[in-house]
Amino acid sequence: MFTGLIEEVGEIESVRATATGRDVTVRAQGIAAAAQIGDSIAVSGACLTVVTLGSGTFACHAGAETLARTTAGDWQRGRRVNLEQALQAGARLGGHFVQGHVDCVGVCTGRMPIGETTEFSFHLPDDLAPYVAEKGSVAVDGVSLTVTRITGSTFSVAIIPHTLAHTTLADMAPGARVNIEVDILAKYVRRAMGLESQGITEEFL
């Protein structure tokens, strides 16, 4: 479990294809120094397990499922990634509950400065749009964000200067592919109400 509050921006040092996926080595001095083999780390929103540690680096394996559901298949040497260690029991929850289980790959459709903030817009698949609510929470590349506006299957967020400076959102431009995880509470509520399979029907109402 994570919070969506990024602790460090790391850099992909190497990517190696294997029979079962890709081995990814990330350079991140702070995270690597604190990590232990077996730890879970959210790498741009995808929960990965540390398999080896080096001097200022850690390595994880991204399996077929991860490659299919996230942007991990796009990662190359030099790419910056958002990093967060797993939430410790008793720690403050400053963001929202983030599992590190990416729901889909979305696309950045807009970036616009508005005063001191920067508004980003993202498009996600139609079937996931009902899980995103105005003023609700969403994780984009592992960053906990508050939804400011929704238009169909596109949602917008307003990024303050601090978040922009301390995450990979600073690098993002329209057309970029991003990992999106919708709020886990929205998933459970929707399933409990039976909307996931049947939708809102006359009988339901």
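The structure this text deals with has already been given above.
Residues numbered from 1 in each chain as written. Predicted model: local features only at pLDDT ≥ 70, side-chain atom pairs only at ≥ 80, totals over all residues. Heavy atoms only, no water.

**Focus on the overall build of the protein chain**
Thinking step 1. When you go through the protein chain residue by residue, the secondary structure sums to five helices and twelve strands.
Thinking step 2. Since a compact globule built from 205 residues should have a radius of gyration of about 17 Å, the 17 Å found for the protein chain is in line with a globular shape.
Thinking step 3. With respect to the principal axes defined by its C-alpha atoms, the protein chain has extents near 60 × 40 × 35 Å.
Thinking step 4. Per-residue burial for the protein chain yields a buried fraction of 42% across its 205 residues.
Thinking step 5. Partitioning the contacts of the protein chain with sequence separation of at least 6, the portion at a separation of at least 24 is 69%.
Thinking step 6. In the protein chain, 15 side chains carry a positive charge and 22 a negative one; their mean positions are 5 Å apart. (Helix = DSSP H or I, 4+ residues; strand = E, 2+ residues; numbered from the N terminus. Rg over C-alpha atoms; globule rule 2.2 N^0.38 Å. Buried < 20%, exposed > 50% of the residue type's maximum accessible area, 1.4 Å probe, protein only. Contact = heavy atoms within 4.5 Å. Lys, Arg positive; Asp, Glu negative; His and termini not counted. Charge placed at Lys NZ, Arg CZ, Asp CG, Glu CD.)

**Some thoughts on the environment of R177**
Thinking step 1. Within the secondary structure, R177 sits in strand β12 (residues 177-182).
Thinking step 2. Judged by relative accessible area, R177 falls into the partly exposed class, the value being 40%.
Thinking step 3. Considered as a pair, R177 and G106 are 71 residues apart in the sequence and their alpha carbons are 5.7 Å apart.
Thinking step 4. When neighbours within four sequence positions are excluded, R177 is seen to be in contact with T70, T71, D74, R79, V105 and G106.
Thinking step 5. One polar contact links R177 to D74, side chain to side chain, over a distance of 2.8 Å. (Polar contact = N/O pair within 3.5 Å; in protein donor to acceptor, adjacent residues only side chain to side chain.)

**With respect to the sheet that holds strand β5 (residues 57-63)**
Thinking step 1. Taken in spatial order, the six strands close into a barrel running β1-β2-β5-β4-β3-β6, and their pairing is antiparallel. Along the sheet, successive strands turn relative to each other by an average axial angle of 45°, direction set aside.
Thinking step 2. Of the strand pairs in this sheet, strand β3 (residues 40-43) and strand β4 (residues 46-54) are connected by four bridges, and their pairing is antiparallel. Following the sheet pairing, S40 is matched in β4 by T49. (Pairing = 2+ DSSP bridges. Axes fitted to C-alpha atoms, helices over the stretch in contact; angles between N-to-C directions.)

**Structural notes on a nonpolar patch on the surface**
Thinking step 1. Residues M1, L93 and F97 make up a contiguous nonpolar surface patch of roughly 270 Å² in combined accessible area.
Thinking step 2. Residue position: M1 is located in the segment before β1 (8-18). (Patch = residues over 30% accessible without salt bridge, like charges linked within 9 Å, V, L, I, M, F, W, Y side chains within 5 Å. Areas by Shrake-Rupley, 256 points an atom, 1.4 Å probe, with all protein chains shown as cover. Salt bridge = Lys/Arg side-chain N within 4 Å of Asp/Glu carboxyl O.)

**Considering the layout of surface pockets**
Thinking step 1. In this model, the largest pocket occupies a volume close to 350 Å³.
Thinking step 2. Taken together, 19 residues form the lining of the largest pocket, with L5, V143, S144, L145 and T163 sitting closest to its centre.
Thinking step 3. Elements that contribute at least two residues to the lining of the largest pocket include exactly β10 (143-151), β11 (154-159) and α3 (161-165).
Thinking step 4. For the lining of the largest pocket, the residue count by class is seven nonpolar, twelve polar and no charged. (1 Å grid on protein atoms, 1.4 Å probe; cavity = no way out; pocket = protein on both sides within 12 Å on 5 of 7 lines; lining within 4 Å. Points joined across faces, edges and corners; volume = space filled by probe spheres on them. Nonpolar A, V, L, I, M, F, W, Y, C, P; charged D, E, K, R; others polar.)

**Some details on the sheet that holds strand β8 (residues 117-123)**
Thinking step 1. The strand order around the closed barrel built from six strands is β7-β8-β11-β10-β9-β12, with neighbouring strands paired in antiparallel fashion. Direction aside, the axes of adjacent strands within the sheet are offset by 45° on average.
Thinking step 2. As defined by bridge partners, strand β7 (residues 104-114) adjoins β8 across seven bridges and the pair is classed as antiparallel. Opposite G110, over in β8, you have S121 as the bridge partner.

**Observations regarding the packing of aromatic side chains**
Thinking step 1. Using the criterion set out here, one finds two aromatic pairs in the structure.
Thinking step 2. Judged by centre distance (6.2 Å) and plane angle (10°), the rings of F120 and F122 are stacked.
Thinking step 3. For F120, a relative accessible area of 0% corresponds to the buried category.
Thinking step 4. An aromatic cluster is present here, built from F120, F122 and F155 joined pairwise through their rings. (Phe/Tyr/Trp six-rings, centres within 6.5 Å; stacked < 30°, edge-to-face > 60°.)

**Quick notes on the pairing of β12**
Thinking step 1. With five of six residues buried, β12 lies mostly within the body of the structure.
Thinking step 2. Direction of pairing for β7 relative to β12: antiparallel, over a ladder of four bridges. Considered in β12, the bridge of C104 is made with I180.
Thinking step 3. Across three bridges, strand β9 (residues 137-140) lies against β12 in antiparallel orientation. Bridging from a neighbouring strand, V140 pairs with I180 of β12.

None of this, on its own, says anything about what the molecule does.
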